[in-house]
Amino acid sequence: MSILSYPQRGPWGSASWRGNMSGHVYQDLFRQLKPRLFVDPMMGSGSSIEAAREMGIDAVGLDLHAGFNILRDSILAAVGKHADVVCSHPPYGGQIKYSGPGGMWGDIAHPDDLSHCIDDADFNEKMQIALLNQREATRPGGHYAVIIGDWRRDGKYSSYQAECIARMPADELVSVLIKQQHNTSSSRKAYGTMKYPFITHEYILVWCRRQKSTFLLLATLAREQSQRLRGTWRAIIRNVVMTLGGKADLKSIYAAVANGCPERLKANPSWKDKVRQVLNSSGEYVSEARGIWALA
Ligand SMILES: C[S@@+](CC[C@H](N)C(=O)[O-])C[C@H]1O[C@@H](n2cnc3c(N)ncnc32)[C@H](O)[C@@H]1O
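Just so you know, these numbers come straight off a predicted model, no measurement behind them. (Residues numbered from 1 in each chain as written. Predicted model: local features only at pLDDT ≥ 70, side-chain atom pairs only at ≥ 80, totals over all residues. Heavy atoms only, no water.)

(A) Structural detail: the domain arrangement of the protein chain. Structurally, the protein chain comprises domain 1 (3–211) and domain 2 (228–295). Placing the centre of domain 1 and that of domain 2 at their C-alpha centroids yields a distance of 42 Å. (Domains from an automatic or database assignment.)

Written out as structure tokens, the structure reads:
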């Protein structure tokens, strides 16, 4: 089943550790993936480790509060061998602060604590480092996973799960599970006047590590990113031509693309080359007369 719900968190880990995860989630994952060695590089209060050991699975728990930094230290080196499953449960951006005053540990905020990132871009980049570290510690054919939720605050919705999926190799993603959250502080608030519903679910993303050299991994990720960018250019130009009635002259297409664009960006003429390149070589347009383009 891809939708999970455990109204009772169970006895694992500490209920007072903010953002603590139910051990049921891990035990379900273990029943499915049958690991012999499991690693949690952000174990928090240790729910996952207790849940694993209860099932007779060898388990290694690491965390910044115990001196392991997923942004600097290799999980593989810390564990000493590849694991069958490496699953993390990072902070959901800055929703709950872990280190420092008001947090769960330490007198001062740790600069590499993922709950103290500067902004979403910083968090998403660091999550990619963390996930590549997890992947490296997973044996080929084994699984790496993350349990993560999205965050809405001040009218901004940050979909961290979508960013994680976009940054890891698409051919390794094997499962996206949704887990209902129970007893969240937001679920206890009345929100009759709110425009959008509170987020009461989180995601479990699972990848299966394939045999790939680092160079091939980089090439795969770069190809996926550039395919997406190429597709975005084509989608935008197509949307512009459709809005202009399916046929337009180049000047109008340029004007529609640049509409509302800051002068500073417009000053760089290379975007016009890109527009012409899409019109000329995507195979989606015909030029009916000089400078007039229509959907093919
Ligand atoms: C959501 S909590 C994990 C909770 C845990 N699953 C439980 O049930 O108790 C996130 C953990 O990530 C840890 N963390 C944050 N940044 C880290 C980093 N750079 N390296 C390792 N752990 C980090 C925090 O210290 C915190 O314990």
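(B) Highlighting the pattern of salt bridges. In total, this model carries 15 salt bridges according to the counting rule given. Across the salt bridge formed by Lys212 and Asp171, the nearest N and O atoms sit 3.1 Å from each other. With a gap of 41 residues between them, Lys212 in the loop between β9 (201–208) and α6 (214–243) and Asp171 in the loop between α5 (160–167) and β8 (173–180) connect regions that are remote in the sequence. Judged by its relative accessible area of 34%, Asp171 falls in the partly exposed class. A salt bridge links Lys212 to Glu172; the shortest N-O distance between them is 3.2 Å. Taken together, the residues Lys212 in the loop between β9 and α6 and Glu172 in the loop between α5 and β8 connect sequence positions 40 residues apart. Taking the relative accessible area as the measure of exposure, Glu172 reaches 0% and is therefore buried. Beyond isolated ion pairs, a larger network of salt bridges with shared partners links Arg135, Asp171, Glu172 and Lys212. (Salt bridge = Lys/Arg side-chain N within 4 Å of Asp/Glu carboxyl O. Helix = DSSP H or I, 4+ residues; strand = E, 2+ residues; numbered from the N terminus. Buried < 20%, exposed > 50% of the residue type's maximum accessible area, 1.4 Å probe, protein only.)

(C) Representation of the sheet that holds strand β12 (residues 292–295) in the model. Pairing is antiparallel across the open sheet formed by 3 strands, whose spatial order is β10-β12-β11. In this open sheet, the two edge strands, each paired with only one partner strand, are β10 (247–249) and β11 (285–289). Put simply, the sheet's adjacent strands are angled 30 degrees from each other on average, direction ignored. Strand direction decides the pairing type here: β10 and β12, joined by 3 bridges, are antiparallel. When the sheet's bridge partners are listed, Asp249 is paired in β12 with Ile292. Of the strands in this sheet, β10, β11 and β12 are in contact with α6, which crosses β11 at around 45 degrees. (Pairing = 2+ DSSP bridges. Axes fitted to C-alpha atoms, helices over the stretch in contact; angles between N-to-C directions. Contact = heavy atoms within 4.5 Å.)

(D) The nonpolar core, seen in detail. If you look at the biggest cluster of nonpolar residues, it comprises 50 residues, and the most contacted ones within it are Phe38 and Ile75. The contact partners of Ile75, leaving out residues within four places of it in the chain, are Val39, Pro41, Leu62, Phe68, Ile70, Val86, Asn133, Gln134 and Ala137. Listed in part, the 14 residues of the second largest apolar core include Val241, Leu250, Tyr254 and Tyr285. (Core = buried A, V, L, I, M, F, W, Y, C linked by side-chain atoms within 4.5 Å.)

(E) Just the site of the ligand, in detail. If you check the shell around the ligand, you find 24 residues, and the closest are Met21, Ser45, Ser47, Asp63 and Asp112. Asn20 places a side-chain nitrogen or oxygen 3.3 Å from an oxygen atom of the ligand. Separating a nitrogen atom of the ligand from a side-chain N or O atom of Asn69 is a distance of 3.2 Å. If the ligand stood free it would expose 600 Å²; the protein chains cover 100% of that surface. Of the residues that constitute the shell around the ligand, the class distribution is 14 nonpolar, 7 polar and 3 charged. (Near = heavy atom within 4 Å. Polar contact = N/O pair within 3.5 Å; in protein donor to acceptor, adjacent residues only side chain to side chain. Areas by Shrake-Rupley, 256 points an atom, 1.4 Å probe, with all protein chains shown as cover. Nonpolar A, V, L, I, M, F, W, Y, C, P; charged D, E, K, R; others polar.)

(F) Spatial organisation of unusual backbone geometry. Its identity as a non-glycine residue notwithstanding, Lys34 has a phi of 45 degrees, on the positive side. The exposure class assigned to Lys34 is exposed, which follows from its relative accessible area of 64%. One non-glycine residue with positive phi stands out, namely Asp154, at about 50 degrees. Relative to the elements of secondary structure, Asp154 occurs in the loop between β6 (151–153) and β7 (156–158).

(G) Geometry of the sheet that holds β9. Taken together, the 7 strands give an open sheet; going across it, the order is β1-β8-β9-β5-β4-β2-β3, and neighbouring strands pair in mixed fashion. In this open sheet, the two edge strands, each paired with only one partner strand, are β1 (3–4) and β3 (58–61). Across the sheet, helix α1 (residues 23–33) touches β1, β2 (37–40), β4 (83–88), β5 (138–148), β8 and β9, and the angle it forms with β9 is around 25 degrees. Across the sheet, helix α4 (residues 120–136) is in contact with β4, β5 and β9; its angle to β5 comes to roughly 150 degrees.

(H) Quick look at the pairing of β12. Where β11 meets β12, 4 bridges bridge the pair, whose relative direction is antiparallel. Residue Ala289 lies in a different strand from β12, and its bridge partner there is Ile292. Counting the residues that bridge the hairpin from β11 to β12 gives 2 residues, and of these Gly291 lies at a positive phi of roughly 80 degrees.

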